[in-house]
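Listed here are the chains, written in short residue letters.
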Amino acid sequence: MSNKYGLPRDIPSDVKRAVRQRCGFGCVICAGAIVDYEHFSPEFANATRHDPEGITLLCPICHAKKTRNMLSQRRVHEANQYPSARKVQYAFSDVEASEGRPFIKLAGMTLRNCNTPLQVRGYPLFQVESPEELNGPYRLTASFFNRQSQPSLFIRQNEWKVFADSWDVEVKGPSVTVRERPGEIALKILFVPGEGLVVERLDMYCAGFHLIGNGEELRVNSPDGGGATFTRCLADNCNVGLSLG
Ligand SMILES: [Zn+2]
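Fair warning: this is a prediction, and the values are worked out from it, not measured in the lab.

S.K.: So what's going on with the side chain of Arg 179? Which residues, and what values?
M.R.: Looking at the element boundaries, Arg 179 is found in strand 12 (residues 175-181). Classification of Arg 179 by relative accessible area gives buried; the value is 18%. A polar atom in the side chain of Arg 179 sits 3.1 Å from the side chain of Glu 170. Those residues in contact with Arg 179 that sit more than four places away from it in its chain are Arg 17, Trp 167, Asp 168, Glu 170, Glu 184, Ile 185 and Ala 186.

S.K.: Account for helix 1 (residues 13-23), with residues named and values stated.
M.R.: Among the residues making up helix 1, those that are buried are Val 15, Val 19, Arg 20 and Cys 23. Looking down the long axis of helix 1, one finds its buried residues gathered within 140° of arc, a one-sided arrangement. Facing away from the buried surface of helix 1 by more than 90 degrees, the exposed residues are Ser 13 and Asp 14. Along its buried surface, helix 1 packs onto strand 1 (36-39), strand 2 (55-58), helix 3 (73-81), helix 4 (84-88) and strand 11 (168-172).

S.K.: Give a description of the pairing of strand 15 (residues 209-214) that names residues and reports values.
M.R.: The side chains of a regular strand alternate between both faces of the sheet. Of the pairings in the sheet, the one linking strand 14 (residues 196-206) to strand 15 comprises six bridges and is antiparallel in character. By the bridge assignment for strand 15, Leu 202 is matched with Gly 213. The hairpin turn running from strand 14 into strand 15, its antiparallel successor, is two residues long, and Ala 207 in that turn takes a positive phi close to 50°. Hairpin connection from strand 15 to strand 16 (residues 217-221): two residues lie between these consecutive antiparallel strands, with Gly 215 at a positive phi of about 60°.

S.K.: For the sheet that holds strand 6 (residues 116-120), give the residues involved together with the corresponding values.
M.R.: As summarised here, the arrangement of the seven strands in space is 3-10-9-8-7-6-19, forming an open sheet in which the pairing is mixed. Either end of the sheet is taken by a strand with one partner, and the two such strands are strand 3 (90-94) and strand 19 (240-244). The sheet shows a mean angle of 15° between the axes of neighbouring strands, direction not considered. Bridge count between strand 7 (residues 123-129) and strand 8 (residues 139-145): four bridges; the pairing is antiparallel. Looking at strand 8, one finds that Glu 129 is bridged to Arg 139.

S.K.: Can you lay out the coordination of the zinc ion for me, pointing to particular residues and giving the numbers?
M.R.: Taken together, the protein ligands of the zinc ion are Cys 27 (SG), Cys 30 (SG), Cys 59 (SG) and Cys 62 (SG), with distances of 2.2 to 2.4 Å. Viewed at the metal, the four donor atoms of the zinc ion are separated by angles of 101 to 121°, and the geometry they form is tetrahedral.

S.K.: Please set out the domain arrangement of the protein chain residue by residue, giving values where relevant.
M.R.: Considered domain by domain, the protein chain is made up of domain 1 (13-92) and domain 2 (95-244). Averaged C-alpha coordinates put domain 1 and domain 2 at centres separated by 29 Å. Listed as interface residues are 13 residues of domain 1 and, on the opposing side, 14 residues of domain 2. Between domain 1 and domain 2, roughly 1,200 Å² of surface is buried when both sides are summed, and carbon and sulfur atoms account for 55% of that area. Connecting domain 1 to domain 2 are two salt bridges. Arg 20 is paired through a salt bridge with Asp 168; the nearest N and O atoms lie 2.9 Å apart. For the pair domain 1 and domain 2, the number of links is seven residue pairs in polar contact (both at pLDDT 80 or more).

S.K.: Quick one: what's the story with the pairing of strand 8, residue by residue and with numbers?
M.R.: Across the seven residues of strand 8, seven count as buried, placing the element largely inside the fold. Residues of strand 8 alternate between two faces, with Arg 139, Thr 141, Ser 143 and Phe 145 on one and Leu 140, Ala 142 and Phe 144 on the opposite face, all of them buried. Note: strand 8 against strand 9 (residues 151-156), four bridges, orientation antiparallel. Paired with Ala 142 across the two strands is Ile 155, which belongs to strand 9. Here strand 8 hands over to strand 9 after five residues, with Ser 149 in that stretch at a positive phi of 60°.

S.K.: Talk me through the pattern of salt bridges; I want residue IDs and the actual numbers.
M.R.: Per the counting criterion, the structure on display carries 16 salt bridges. With its nearest N and O atoms 3.2 Å apart, the salt bridge here joins Arg 74 to Glu 78. Of this pair, Arg 74 and Glu 78 are both found in helix 3, four residues apart, which corresponds to roughly one turn of the helix. For Arg 74, a relative accessible area of 56% translates into the label exposed.

The rules behind each value
- Residues numbered from 1 in each chain as written.
- Predicted model: local features only at pLDDT ≥ 70, side-chain atom pairs only at ≥ 80, totals over all residues.
- Heavy atoms only, no water.
- Helix = DSSP H or I, 4+ residues; strand = E, 2+ residues; numbered from the N terminus.
- Buried < 20%, exposed > 50% of the residue type's maximum accessible area, 1.4 Å probe, protein only.
- Polar contact = N/O pair within 3.5 Å; in protein donor to acceptor, adjacent residues only side chain to side chain.
- Contact = heavy atoms within 4.5 Å.
- Arc of directions from axis to C-beta.
- Pairing = 2+ DSSP bridges.
- Axes fitted to C-alpha atoms, helices over the stretch in contact; angles between N-to-C directions.
- Donors = N, O, S within 2.8 Å, 3.2 Å for Na, K, Ca; no water.
- Tetrahedral: all angles 85-135°; square planar, octahedral: opposite > 155°, others 65-115°.
- Domains from an automatic or database assignment.
- Buried area = accessible area lost by both parts, 1.4 Å probe.
- Salt bridge = Lys/Arg side-chain N within 4 Å of Asp/Glu carboxyl O.

As structure tokens, then:
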């Protein structure tokens, strides 16, 4: 579908990335991480090209408010200039709570029914807290870092956040990809709503440990030069699933 100038709806991926980077990967109004690309200056109907400066990020709620004229042009322009995710330094969304303990598939290692699925030097990197009340949700907390040991994605009690100073964060369907630089994926995570999450790609340093996850294989290199590879491994019903150091 094209507009009257023959401009197609589809925005080229390099333009989308430039918009994401400028906006800090979140809705410019509320910092929500689930976003639509919105031509605002000019509106899509009057656009002759996909200019990243004329496109902004809006979450589905803020987008709907704009379409219904419940959000002014002025406010969108202002927010585009001072994006919310840039102000708070992150964009966020939530993880659907699980009825049971959420599983984490860390490439070749599946961690199920664990209180602390992963710990590094005694520090819990992934944690599952039991419901505080009857029929309440299990709460998942997890920290992922990149090759520079900088945070790539944090989950805190079922709310996830990605950081505005990342090189690129792309949310597509139920998956989130964090890139450190062109062609370098720090993390690709797939949320399985109400059940857990799958880490499809991982390249992270934490406390000297290098964790490399690729599909069905998890490689862990230790600071002392040792290492281990996990493929189709399962840690089920343990207090601590995988303990490093
Ligand atoms: Zn929003």
